[in-house]
Amino acid sequence: AQSVTQLDSQVPVFEEAPVELRCNYSSSVSVYLFWYVQYPNQGLQLLLKYLSGSTLVKGINGFEAEFNKSQTSFHLRKPSVHISDTAEYFCAVSDPGGATNKLIFGTGTLLAVQP
Amino acid sequence: DAEITQSPRHKITETGRQVTLACHQTWNHNNMFWYRQDLGHGLRLIHYSYGVQDTNKGEVSDGYSVSRSNTEDLPLTLESAASSQTSVYFCASSVSGGELFFGEGSRLTVL
């Protein structure tokens, strides 16, 4: 079965420092990949997605992610974080059947930005 | 503006009671999903629907049911609530090939 691994449950970082949130998936076939963000007491909203094409994907709020098929990874990066980026971040992969909407989520990474 | 709303936002119930969580979207999306969010587990898919009269089981469907009688609504029913079903529940909707739009969640506590 398809699965997503987010190795870091929490990532503390100082404001204006760079950050990388790691995501690995298990699949030998083509997949679609997503990063969602959840602010406190809110639902999830899409940061970015990879469906095909360029392996470097840019999203909202200055985030980007790189799809690496050989390493089955889709790590999220931001060169300089702000206090407002404090949130939980979820990586997700589509169902192997190819549907882009039935997502399997990782366990999440809490990004804690400190002044 | 189009939106997806969940109700109630907070509910406390007792073991064995039937509970229904409502989900209503005004985007006219074909696809609707229910997830539960638990610490250490992320979001897990409970049920989903790709259109009216279509429902499918997700990875954690035991103890839950859904029905889709129209495009806008996908209510989630817990037939006999258990303490293990204490969680935050999220509804989401999408068009085929599009991103998921999430509601703000319903926090359920089963005592």
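Look up: the structure comes first, before these words.
These notes cover the structure that comes with them. (Residues numbered from 1 in each chain as written. Chains lettered and ligands numbered in written order. Predicted model: local features only at pLDDT ≥ 70, side-chain atom pairs only at ≥ 80, totals over all residues. Heavy atoms only, no water.)

## Quick look at the state of the cysteines
Here a disulfide denotes one covalent bond, and it connects the sulfur atoms of two cysteines. To keep it simple, the criterion reads: Note on disulfides: each one is a pair of cysteine sulfur atoms within 2.5 Å. Working definition: helices are DSSP H or I runs of at least four residues, strands are E runs of at least two. Numbering for both runs from the N terminus.
Under the defined criterion, the tally for this structure stands at two disulfides over all chains. Here Cys-23 of chain A is linked by a disulfide to Cys-91 of chain A, with a sulfur-sulfur distance of 2.0 Å. Between Cys-23 of chain A and Cys-91 of chain A the sulfur-sulfur dihedral comes to about -65°; the bridge is accordingly left-handed. Of this pair, Cys-23 of chain A sits in the loop between strand S3 (19-21) and strand S4 (24-26) while Cys-91 of chain A sits in strand S10 (residues 87-94), and the two are 68 residues apart along the sequence. What pairs with Cys-23 of chain B in a disulfide is Cys-91 of chain B, and their sulfur atoms sit 1.8 Å apart. Where Cys-23 of chain B bonds to Cys-91 of chain B through sulfur, the torsion about that S-S bond is close to -75°, and the disulfide is left-handed. In this pair, Cys-23 of chain B sits in strand S3 (residues 19-25) while Cys-91 of chain B sits in strand S9 (residues 87-94), placing the two residues 68 residues apart along the sequence.

## Structural notes on the environment of Thr-15 of chain B
Residue and element names in this part refer to chain B. Put simply, the test is: Contact between two residues is taken to exist if any of their heavy atoms lie within 4.5 Å; hydrogens are not considered. We define a polar contact as two N or O atoms separated by no more than 3.5 Å, with the added condition that, inside protein, one atom must be a possible hydrogen donor and the other a possible acceptor, whereas residues neighbouring each other in sequence contribute only through side-chain atom pairs.
Tracing the chain through its elements places Thr-15 in the loop between strand S2 (10-13) and S3. Separated by 38 residues in the primary sequence, Thr-15 and Gln-53 place their C-alpha atoms 30 Å from one another. Apart from the residues within four sequence positions on either side, Thr-15 is in contact with Ala-81, Val-110 and Leu-111. Engagement of the side chain of Thr-15 in a polar contact is seen with the backbone oxygen of Leu-111, the distance being 2.8 Å.

## Section: the side chain of Thr-109 of chain A
All names here are of chain A. In plain terms, the rule: The rule is simple: take the accessible area with a 1.4 Å probe, protein chains only, and divide by the maximum for that residue type; under 20% is buried, over 50% is exposed, in between is partly exposed.
The residue Thr-109 is located in strand S12 (residues 109-114) in this model. By relative accessible area, which is 1% here, Thr-109 ends up buried. Setting aside residues up to four positions removed in sequence, Thr-109 forms contacts with Gln-6, Asp-8, Ser-9, Gln-10, Val-11, Leu-21, Ala-87, Glu-88 and Tyr-89.

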